[in-house]
Structure formats: C-alpha cells, structure tokens
Number of protein chains: 4
Amino acid sequence: MPEQNAEHLARPHVAALDEILGEVLPVLDDGFVRVVDYMGDDRAVVQAARVSYGEGTKKVSDDRGLIRYLLRHRHTTPFEMCEIKLHVRVPMDAWRQWIRHRTASVNETSTRYSIAIDAAQRTAPDQWRQQARSNRQGSEGELGPDAGRTLSEEEAGLQDHARRVYLGRLERGVAREQARKDLPLCTYTEAYWKIDLHNLLHFLALRMDPHAQQEIRDYARVIGEEITARWVPLVWEAFADYRLGALGLSRLDRAVLAALGRGDADAAVEVAREAGWLEISAKTGGLKRHRERTEFEAKAAELGITPPWRGD
Amino acid sequence: MPEQNAEHLARPHVAALDEILGEVLPVLDDGFVRVVDYMGDDRAVVQAARVSYGEGTKKVSDDRGLIRYLLRHRHTTPFEMCEIKLHVRVPMDAWRQWIRHRTASVNETSTRYSIAIDAAQRTAPDQWRQQARSNRQGSEGELGPDAGRTLSEEEAGLQDHARRVYLGRLERGVAREQARKDLPLCTYTEAYWKIDLHNLLHFLALRMDPHAQQEIRDYARVIGEEITARWVPLVWEAFADYRLGALGLSRLDRAVLAALGRGDADAAVEVAREAGWLEISAKTGGLKRHRERTEFEAKAAELGITPPWRGD
Amino acid sequence: MPEQNAEHLARPHVAALDEILGEVLPVLDDGFVRVVDYMGDDRAVVQAARVSYGEGTKKVSDDRGLIRYLLRHRHTTPFEMCEIKLHVRVPMDAWRQWIRHRTASVNETSTRYSIAIDAAQRTAPDQWRQQARSNRQGSEGELGPDAGRTLSEEEAGLQDHARRVYLGRLERGVAREQARKDLPLCTYTEAYWKIDLHNLLHFLALRMDPHAQQEIRDYARVIGEEITARWVPLVWEAFADYRLGALGLSRLDRAVLAALGRGDADAAVEVAREAGWLEISAKTGGLKRHRERTEFEAKAAELGITPPWRGD
Amino acid sequence: MPEQNAEHLARPHVAALDEILGEVLPVLDDGFVRVVDYMGDDRAVVQAARVSYGEGTKKVSDDRGLIRYLLRHRHTTPFEMCEIKLHVRVPMDAWRQWIRHRTASVNETSTRYSIAIDAAQRTAPDQWRQQARSNRQGSEGELGPDAGRTLSEEEAGLQDHARRVYLGRLERGVAREQARKDLPLCTYTEAYWKIDLHNLLHFLALRMDPHAQQEIRDYARVIGEEITARWVPLVWEAFADYRLGALGLSRLDRAVLAALGRGDADAAVEVAREAGWLEISAKTGGLKRHRERTEFEAKAAELGITPPWRGD
C-alpha cells in the first residue's frame, strides 16, 4: 500500500501559471491564446517516471536531472501525464495547419450553428512577405512599402466584398452552412484545444521551427515561451537544450567526421564518394549540387571543420 | 505452427473493387473520389476474429453470420484489419469537417509549395438551400430560382475577385503561403486519405447522416455506396442493418415501453413524470416542450405505440 | 475578446472528488485504485459544447439537458475536455485487458528496473467460478467449497513455487528482465493511468458489462460508481440512462416491431422470413437456432411483445 | 482531373516480399513472425509526398533522394501510406512490451475463449543472462554452464507444475478465464498485428535498440531485416542512415564542440562549467560523476575530440 502522503492529497498548482489563467495573450492582429485549465507540473513528470523505474531513481537523480534524462533519451510517456487546455482565436488557414496534429482534443466554433466571426486577418503594409527563392514553401524579406500599401488596400476591398456577400446571403435566408462558403480562408475561428505535454512539445518543435509559416509560429512562440515556460520550467529548459537546440548527425555524417577526427582525410573522402556526395558536374567541372552534402557541410562548419573536398 | 495454406500465400483481391481502381468518381461540380489502393476484404475481418475467438467459431458461424455478430456487438478490432486509400478532391470547407476524424492518415496538397487549385465550388441557381427553422445547424428546402440566379451571379463575381487578387499577389512576388489567405473557403484541395474499415464505418455513420452537411454527405454517399459496398459487401450489409438502420432506446424509453407492454399505463406515466417529461406549461395548459419526450414519442410512433399522455 | 469572468480565473474543483483524492480504494484481495489528479468537471463539458454550438445553446438548455443531449446523440468531443489520472494496482492478467484501450496514457512499474511486486492474486475457496456453457468466454456459478479448498491450496503451492524460483534466479545473478519470465500471469503490477472522460466512459461501458471478466469488472465498478459518479454526476447520470441502460434495435428489429405495431402479423413474419430467421429444422420440425432471432425475441419480450411465430 | 495512368490501375506489388508471404520466420524457441498482407511500397511513399509538395518535386528529386529527404527531416505522413499485417507468436512477457505501441491494430488469441497455447518459452542452459551492473534495466554476459543447467531444470519443473495446475482446473470445470491466472508470464500467445510504416519504423527504432530486452529485439530484428528491408528497400536504407545510425548533439554539446572547433578551449570549459558538468568531488578531488558530461565525452571521442578537462 502506498503512503498517502501530503503530495497526493492536494492537486498540484503552478503559481506562475495561475497568474495568467484565463488571461488573453494577443497574437496577430485579432487573435489570442488563453489558458483555461491544466493538470500536472514538472513534478508530475517525475512522479510518473518513478512509478516506471522504481524508487531507486530517487537516489541517483534530482528532479531536474531526471527530467533532462527522460527528454534526452525520448522516454516520452511521463510527459503525457500533464495536460493543458487552451482557448484560441486563430485565422482558419493557420488553424488548418494546427489541427493536423491529431493527438489533441478540439471543440471549434461551428459556422453551421452560429454566424461566422466578423473578422478576417488583415495585413499591415509592411507585413507582406516575399516568396523565398531557395525554399519552395517559405518566404524571405518583405515587399516595399508602396507595394505593401496597394496590397493592403486590395485585401481590405476583397474582405469587405466577401463579408457583404456573406451577410447578403444570410438576409435572403440562405443556410448558414452554405452562406459561409466564400468567406476568406483567413477568417478567424475560435476553439478549445486540449493536449498533453508530450504532444504539445512535438507541436512546438514543429511549429516554432523557422520552416513553419510565420502566422502559426507566432502562436507557437506564445504557447511555448509565455505559457509552457511558466507551467513546467524544468521541462521547458530541457526541451530547449535537447530538442529546439539539437543537431542530428546521420550515420554518414558520423563516419566522415570520425575519419577526419582521426586525421584520415582519405577515408573521409572515400565515405563521401560512396555516398554519392562528390559527383563532378560535366558542365561546371565543380561538384554537383547534393542536398545531403550541403547539409553536412553546414553542420561541419558549425563544428569548425572544413571537409577535405572543400580544402585549401 | 500454422498451416501455410493457399489462403495465406496470395494477397486477397476483390474483383468488384479492382474494376474501379483508380477511376474518378465525380462529386459536386468539380470534386472526385478515387480508390488508390486497399488491403483486406470481408474474409480478412473473419480471419482476424478467428484468431481472437479461436477455431471454434468456424463451426458455429459462417462468415456472414460472424461479421453480423461482430458488428452488432461492437467487436470492432477485426474491422481495423482492412485498410483503404483514397485520392479525393474536395472544397476546403467540406475538407475541414472531414479531417476532424483523427484516425486517418492524410497527405494534402500544400498551397505553400504549390499554387492553389484554380477552382472553387460553384453553386447552381437551384441549389441554394434555406436555413432550417427547427434545427439551428441544418438547411431545408431551396430558395426560388430568381433569388438563386442572383446568388449564383454574386458568387461568381466574388470568386473571380478573389482569384484576381490571389494571382495579382503572386505576380508581385508575395509568398504563396501568404497570397492564399483570402481565397474562398470553398476552394478545392486534393489529398490522399487512408483509413481502416472500422474508422471508415464510423466516418460514414456520421457523414451519411441526414444531419451532416449536404456537401460532405455527397462524398460519404459515394464512398459508402459506390466503394465500400463493392469492397466488403457483407460488412456493408451488416452496417446498413445495425448502424445506419438502427434505433437506440434509452433506459427511460425501455421503462416506459415495458410498462405499456404489460398494460400498465399508470406505471408508464409515472416513469415519464419522474423523468421530468410531463411538466405542464402555465401559459398553454398543455405539456411543456421536452426534447427527450419528443424523441421518445417519435420512436413510439414508429413502433405503433401511442403514449398514454397523448391518449384521448 | 471574451469576458475574463470569474469562471475562468480559477481552476474548477469538485469537492466530492477532492474528498477521496489520493485515497486507496481497495479492489480484489490486494489491488486498489486511487485518484491522483483530474482536470475539469460537468461544467467543462458544457463550456466546450457552447464554444462549438454558440451561445444560443445557453437559452434553450440548462447544463443537465445539454449534457444529456450530447451523450444521447454521441457528440463526443466535449467529453474529451475532462481528464483523470489514477494510480492502480492490478493483477497483470486483468491489466492486459485494461491496456488494450489504446487512448490512455500509461506509466507502469517496470520489472526490468525493479524487483516484481511480491504479490499474486489469491483466490478464496468460494470464489472459483465455473465455465459457462452457453457462452464460450464467460463463467457462471461457483464450484463447491470442497473443490474450492483444493483449488486454493494448489494455487498457493504453485505461487510459492514460482516465487521461490524467481528469488533464486535473482540470487544467482540472473537479470531481472529474464528472472521474471515464469511469474504467474496474476502477479500484481502498478501503474499511473490517465484518460479523458469520453474514453473513460467507453472503457466503463465495455468493462462494467456483464460479459467482461469478473476481475476487471470489479475495477470498472469502483472507477465508475465510486470515482466517476463523484467527479461528474450529471455525465454519470446521462451515461447510466443512455449507455449502460440502452437497448439497440436493428433495422430488422424495427421492421418487425413496426409491422406488429400496426397489427400486420403477416408482414412481420415476412420480414423475419426474408432475414432467414424462420428456417425449419428437418430434425426437430421446429425453428432452427438463429442468434439474431433469439436476440430479437429477448428484446420483444422486454417490451411485452410476443412474435407471431411464437404465438399460441 | 488526374490522368488515369497505369500506375494507378494496378495495386503495387513487391516481388521480394511476395516471396515470403505467409512464410513462418522462426524467432526464439517456439515463436514466429509471418507476413499476412501489406499495402504500398517505396513508390507509395513518394506518391503521397508528391501530392503534398506538388509535381515540382519530380524534377529535383529521384525517388531515393526524396525518401531520404523525408526521413531526414521527419516528414512522417507519407510513410503512413504503407501498411503491413503480421501474424506473430510471442511469449506474453515480450508481448506486453510490444502492445505498449498504441498505434497498431491488434487481434490476439483470447484465453477466455480458447485453451491457452501449450507452450511457454524455455531457456537453454547457455542463455541465462546476468544482471547488468552499469544499467539497472539491462543484462550483460551469460551465467556459466553449471548454473545454466540448474536454472533450466528449475524452469522446466516450474512450467510443468503450472501446466498441470492449469489443466487440472479445466478438468474440474473452472472457467478458462480464471484457470489461466497462474500460467507463466512467458506463455506463448498469437496475434494479428497491423501497423503503418511510419509507426513500424518507430517501433523498430525502439525495439532494435541495444537497450531493449533481448527477446523483443529478436522479433524486431526479424521484422526489420527480413521483412521491412524486403518490403521497402529505399526506406530501409534511409532508416539505417538517419535513424538507427544517427547521433544527436544537444545545444550544450554543440556549444562545447563549436568552441573547440574555433580553438577556444576556455570558452568550451566555460560552457561545460555553466552546465554543471565540472563539479569537483570533495572526496576524490576529481570530477564528480555527471551523466550528461559522460554522454558528451563518448560522442566527442567518436569524433576524435578530447575535451579540454580531460586533457594532459
């Protein structure tokens, strides 16, 4: 029989999170995130791990060390023992990316039952982003202020047009579920979103990433830095060290670096050649483009290492 | 050791489904559903059930009887042993409802990577539906042809406007991920959608229901009647009998009906009264509205039974 | 912007559940269930539903009516907004059935890390159950006290033998992960088990069912009646009425009953005949056994209805 | 409308896998794995990715390059488009670890319906493993042949005893569900197990790992090397390079290595000191044990780098 000690007799609270409970944290021009409720804290992760690994873990690890160990070695189940429930207001096009995470519980405002929220996301003249050249899915830099002004005016015109048509349909008695069909993708919606800490960290790792779209990154940043960091500070620190700040080396990366480490440049080149990284372009006489090699070179550069094929 | 009989040495095929493999089944004005691949058939359900329940089931049940038994008693795991992969083209507002089913695998066309599909769902003049009065989320009947013509013209105007703005943004170099933000919610998208048979039936039960929105019902009907019925005909028959055609009686429904069945109208009234079904409106002197009682009365009517409080 | 009213500024508590927080609720000879933490209450279900369906729901439904409506019509997502975390101690053979529910989070004591719990479930002489005849998977009635005494003695002998071998292996330095391999299936294990309310109700519906094995039913009963009933009393009441106490009529059941309801026995017989319910056994001259017909007859009997083929 | 090209009109087959379809691949003394059915192949992964990223991907990547890119950058959804169904026979204690993977579909033989399989895993005298000292959950090395013989004899004696008691209970009419309770944990069971390729790779990464228990590693090795490698050879190669053979560097690891890379040993020591890696033990005068530092040192050694605090 377990001791019925004090630890179990009261539900854990996190004072730093309680302070912002229910508070509207603004995102974008008209969106927000609010914490509605939560369950568990840093200690709940530790407590669950100790059920699995036995009391022996108590001696060898303090809470912080254990949390870091669990996160580093991807022992994920103890992180599922914490849960958080948010109320969010998000443009539908960002929301579409959001709910691709299937492990959360969701209750979203229905525009079949209710009239759609009278707000679509507006873009300020200095916020229009240019299509990235290097990256098919991204953006880089902003368009100039003149182009921006025109684009923002056009946007307002289109959104007003869409709203007029929507309201006109409702007036004529068209069913709400059909009337909404031509509203802009960036019309705001609201939802309750509930997720456990393990899956939340996965969401944050993907959506705080520089490759994620700016709009959802804005939400992820607030959920990460303003909410999760308050809620579970030890987990958040470990997540920053082992997930956000991590770098993965592949089997090939390791083989090349190990060869260089023992001073054997020939072996390093041999590994790279076998991997197909060093093909010569007939046109330029230089190395052909190779995505894996380029990614390796960036990692090596960070470690202060110049690959032998880049030598001299 | 199991016998390595012929049954196991070839993958099961379903000739009736193979006939339409890869074929475009049109839905709405510009959407479709196509079967890309599948795994398993009626016999795969039976085979999995026999692993669970042992060979003894072979004697007492033929395949059809066993499938009906499993479905009737919600033994759901054997139905997970079949899998289907569809390629669909759907307006994004219907797709939003679709992907609320979290147990499927999805790869959707990204409008960050690619230019959005140049098609939004258009509504013919005779297809504009009226808001339902009795049901906040539904529609009932159509608007007249005059109103319909105006609405369809407005719709075309708005969709053309949205398209012009979208293309104009792309021309000016706005990032695709941002340019798309004001496209209509009903812009078409495409996806691969893969789901197991158990979860597919759950999807169909919800989306073939008269309460589902017309557009997604059109898709569900094609997936159910034109695809699932060919793929697993015995499961489909059982599904029609035990799920689509089923009626649920609550504990209260049963208590009232049982009292009536044994001729004890007083007891029936007593159960209803305790359930709060028979409160009198001070205004009208008649029974107050009560959703559970109304639902009960509809079920009783179908069984040819008049509740005593409706008597006279 | 939402009002930041008091409702949101404090996390919901349920006094009746707080009373037993952390308390050991005994099950079987040496098992238990304890509530470690929870999130949400009856009102959290209502709150989530109102996000979906809009404020309009406030006027037409009080909380109880809305919860009953949601449960009756299987609008399941609002029930996912509540979460509970239990600490359980269970024989491993019951635990194997338990964790077949895949939608929960689990941290179980590892017998690779720690020495296995020194307890296996013991059976009292009057608790040995007879194999059911009618139902291949069930049990019915108890064996007599004499047989029971012998069986309990044998059980103690075997469990002691298994324990001796286990401890002997550990003494000889065998790895814990291997030493445990011949412990009895009913050796106790402990776990933290966290699940949302929707999935908990599904678990309870299956595991409180008379077809479930006695041991897991004992756990389900405690979790249902002693924990869930305190935690979310309105949900529990609705669950009892619409799930535990429900009866399902198939399309065929309905067709036969409707025909009888309008006094058309011939039509009723015709439906049954087409369904294959009324085949005559060449041997006995009576009706052949038919599982679907038998199930129908039991339902009809409850409603006070005698099928025409049973007439006279 | 998509072209209805040949690629879609036939279901993909993998000749190398078809060769072993249904074949028993033995594992342990009496277990096995068999492929029952599968859906998709390397090309199905590519096909799904191209739906997401658009046709543009066709030009820049051949199939192999695209698969490697997807796996390297954890774009996981295209791997969910392939599915495999296995028939396995496994000792229940290994099976308990196996079904902790919640994303698979399972039909397991029920020992409530059927008599338990008459086989428990037996250990040969040279297979008894010693408890690891360094690692609480592992094993290392074997016990000598004399100890092994004694242990194997004891094992046989206990398993025979357990079987006798089990059969005795059945003879006396005890319900199967109760009679089985004292069978050894390593009694064999059989199941159909169906999982998608993404989740299968996750399973293999965890269960082929040297930290996994030997028994389940034996199964994972067969499923990986004998089945998955045949089924999806390009995915398997990428998995070996980017998952099995990968090494993760944390934010701290990177900071120390980068400082060393630019020749700044002081900065490297400073990072390590701030991370708490370099505390001095009052007892020994040397560095205190620190798990994160030890893990870093192992990585550095592989790259041929000696940390400055280990210098001289």
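Residues numbered from 1 in each chain as written. Chains lettered and ligands numbered in written order. Predicted model: local features only at pLDDT ≥ 70, side-chain atom pairs only at ≥ 80, totals over all residues.

Novice: I would appreciate a short explanation of the relation of the copies chain D and chain A in the present structure.
Specialist: Two copies of one chain are present, and they are related through a rotation about an axis combined with an axial shift. After a rotation of 180 degrees and a shift along the axis of 0.0 Å, chain D superposes on chain A with an RMSD of 0.0 Å. On this basis, the relationship between the two copies can be described by a two-fold rotation axis. Closest to the rotation axis within chain D is the C-alpha of Gly248(D), separated from it by 2.3 Å. (Least-squares fit on C-alpha atoms with pLDDT ≥ 70 in both.)

Novice: Any chance you could explain the confidence of the model for chain A here in plain terms?
Specialist: All names here are of chain A. Of all residues in chain A, 94% have pLDDT values of 70 or greater, and the mean over the chain is 91. Within the model, the stretch residues 1–9 combines pLDDT values under 50 with nine contacts to residues more than four positions away or in other chains. Of the two predicted TM-score estimates for the complex, the pTM is 0.94 and the ipTM is 0.92. (pLDDT = per-residue confidence, 0-100. Contact = placed C-beta atoms within 7 Å.)

Novice: Explain the sheet that holds strand β3 (residues 83–91) of chain D here, please?
Specialist: Two pairing modes exist for strands in a sheet, parallel and antiparallel, and in both the strands are linked by backbone hydrogen bonds. All names here are of chain D. Read across the open sheet, the five strands follow the order β1-β2-β3-β7-β4; overall the sheet is antiparallel. On the outer flanks of this sheet lie β1 (25–27) and β4 (105–108), each paired with one strand and no other. Put simply, the sheet's adjacent strands are angled 25 degrees from each other on average, direction ignored. Relative to strand β7 (residues 188–196), helix α9 (residues 197–207) is tilted by about 125 degrees, and along the sheet it contacts β3 and β7. (Pairing = 2+ DSSP bridges. Helix = DSSP H or I, 4+ residues; strand = E, 2+ residues; numbered from the N terminus. Axes fitted to C-alpha atoms, helices over the stretch in contact; angles between N-to-C directions.)

Novice: Is there a simple way to think about the environment of Ala16(C) in this case?
Specialist: When you line up the elements, Ala16(C) lands in helix α2 (residues 15–18). Sequence separation of Ala16(C) and Thr294(C) is 278 residues, and the distance between their C-alpha atoms is 44 Å.

Novice: In this structure, what is going on with the domain arrangement of chain A? I would like to understand it.
Specialist: One widely used convention gives an interface's size as the accessible area the parts lose upon coming together. Entries for chain A in the domain assignment read domain 1 (6–118 + 187–244), domain 2 (125–182) and domain 3 (251–310). A separation of 39 Å is found between the C-alpha centroids of domain 1 of chain A and domain 3 of chain A. (Domains from an automatic or database assignment.)

Novice: For this particular structure, what's the right way to read the interface of chain D and chain A?
Specialist: The partner chain A presents 27 residues to the 26 residues of chain D that form the contact. Elements represented by at least two residues in the side of chain D that touches chain A include exactly α5 (63–72), α11 (233–244), β8 (247–249), α12 (251–261) and α14 (291–302) of chain D. With six residues, α12(D) is the single largest residue contributor to the side of chain D that touches chain A.

Novice: Could you clarify how one ought to interpret α14(D) in this entry?
Specialist: In an α-helix there are 3.6 residues to a turn, and that puts residues three or four apart on one side. Between its terminal C-alpha atoms α14(D) stretches 17 Å, which fits the 16 Å expected from 12 residues at 1.5 Å a residue. Along α14(D), the residues that are buried comprise Glu292(D), Arg293(D) and Phe296(D). All buried residues of α14(D) fall inside an arc of 95 degrees around its axis, so they share one side. Exposed residues lying more than 90 degrees from the buried face of α14(D) are Thr294(D) and Ala298(D). Close packing links the buried residues of α14(D) with α5 (63–72) of chain A together with α12 and α13 (265–274) of chain D. (Expected span 1.5 Å × (residues − 1). Buried ≥ 20, exposed ≤ 12 C-beta atoms within 10 Å, placed from the backbone. Arc of directions from axis to C-beta.)

Novice: Is there a simple way to think about unusual backbone geometry in this case?
Specialist: Generally, phi is negative for residues other than glycine and the peptide bonds are trans, each holding for most cases. At Arg74(A), a position not held by glycine, the phi torsion is positive, near 55 degrees. Residue placement: Arg74(A) occurs in the loop between α5 and β3 (83–91). The exposure class of Arg74(A) is partly exposed, given the 13 C-beta atoms found within 10 Å. Although it is not a glycine, Leu28(B) adopts a positive phi angle of roughly 55 degrees. Topologically, Leu28(B) is positioned in the loop between β1 (25–27) and β2 (31–39).

Novice: Would you explain the sheet that holds strand β7 (residues 188–196) of chain C in this entry?
Specialist: All names here are of chain C. An order of β1-β2-β3-β7-β4 is seen for the five strands of this open sheet, with the pairing classed as antiparallel. The sheet is open, and its two edges are formed by β1 (25–27) and β4 (105–108), each paired on a single side. This sheet shows a mean twist of 25 degrees between the axes of neighbouring strands, independent of strand direction. Running at roughly 125 degrees to β7, helix α9 (residues 197–207) makes contact with β3 (83–91) and β7 of the sheet.

Novice: Explanation requested: the interface of chain C and chain D in the structure shown.
Specialist: In this assembly, 42 residues from chain C lie in contact with 42 residues from chain D. Elements with a minimum of two residues in the side of chain C that touches chain D: β5 (129–131), α7 (145–171) and α8 (176–179) of chain C. The dominant element in the side of chain C that touches chain D, judged by the number of residues it contributes, is α7(C), at 11 residues. Looking at the side of chain C that touches chain D, its residues break down into 16 nonpolar, 12 polar and 14 charged. (Nonpolar A, V, L, I, M, F, W, Y, C, P; charged D, E, K, R; others polar.)

Novice: Just checking my understanding: could you explain the relation of the copies chain C and chain D for this structure?
Specialist: In screw terms, the move from chain C to chain D is a rotation of 180 degrees and a rise of 0.0 Å along the axis, fitting with an RMSD of 0.0 Å. Mapped onto chain D, 100% of the interface residues of chain C again fall at the interface, so both copies present the same surface.

Novice: Help me understand the pairing of strand β2 (residues 31–39) of chain A, please; the structure alone is not making it clear to me.
Specialist: In regular strands, side chains alternate between the two faces of the sheet. All names here are of chain A. Where burial is concerned, most of β2 is hidden: nine out of the nine residues are buried. With three bridges connecting them, strand β1 (residues 25–27) and β2 associate as antiparallel partners. Residue pairing in the sheet places Val27 in a bridge with Gly31 of β2. Bridge count for β2 against β3 is seven bridges, and the pairing is antiparallel. Each residue of the ladder has a partner; that of Asp37, found in β3, is Lys85.

Novice: Can you walk me through the packing of helix α5 (residues 63–72) of chain B against helix α11 (residues 233–244) of chain B in this structure?
Specialist: When two helices pack together, their arrangement is given by the angle between the helix axes and the distance between those axes. Residues and elements named next belong to chain B. Where α5 contacts α11, the axes come no closer than 9 Å and their chain directions differ by 40 degrees. The angle between the axes of α5 and α11 places the two elements in the oblique class. Like other packed secondary-structure pairs, α5 and α11 cross with a definite hand, here right-handed. Listed contacts from α11 to Asp63, Arg64, Ile67, Arg68, Leu71 and Arg72 of α5 are Leu234, Val235, Ala238, Phe239 and Tyr242. Considering only residue class, the contact of α5 with α11 consists of seven nonpolar, no polar and four charged. (Parallel < 35°, antiparallel > 145°, perpendicular 65-115°, else oblique. Left-handed = near helix turned anticlockwise from the far one by under 90°.)

Novice: Looking at this model, I keep getting lost on the environment of His73(D). Mind explaining?
Specialist: You can see His73(D) is positioned in the loop between α5 and β3. With 161 residues separating them in the primary sequence, His73(D) and Leu234(D) have C-alpha atoms 16 Å apart.

Novice: Sorry if this is basic, but what is going on with the environment of Gln131(D) here?
Specialist: Position of Gln131(D) among the secondary structure elements: in strand β5 (residues 129–131). Here the alpha-carbon distance between Gln131(D) and Trp309(D), two residues 178 residues apart in the chain, equals 33 Å. Once residues lying within four places of it in the same chain are set aside, the contact partners of Gln131(D) are Gly173(C), Val174(C), Ala175(C), Arg176(C) and Ser139(D).

Novice: Honestly, the packing of α7(C) against helix α7 (residues 145–171) of chain D in this entry has me stumped. Any pointers?
Specialist: The interhelical angle for the contact between α7(C) and α7(D), taken along N-to-C directions, is 160 degrees, at an axis separation of 10 Å. Classified by the angle between their axes, α7(C) and α7(D) sit roughly antiparallel to one another. In terms of crossing hand, the pair formed by α7(C) and α7(D) is left-handed. Note on element contacts: α7(D) touches α7(C) through Leu151(D), Glu154(D), Leu158(D), His161(D), Ala162(D), Val165(D), Gly168(D) and Arg169(D), opposite Leu151(C), Glu154(C), Leu158(C), His161(C), Ala162(C), Val165(C), Gly168(C) and Arg169(C). Across the contact of α7(C) with α7(D), the residue classes tally to eight nonpolar, four polar and four charged.

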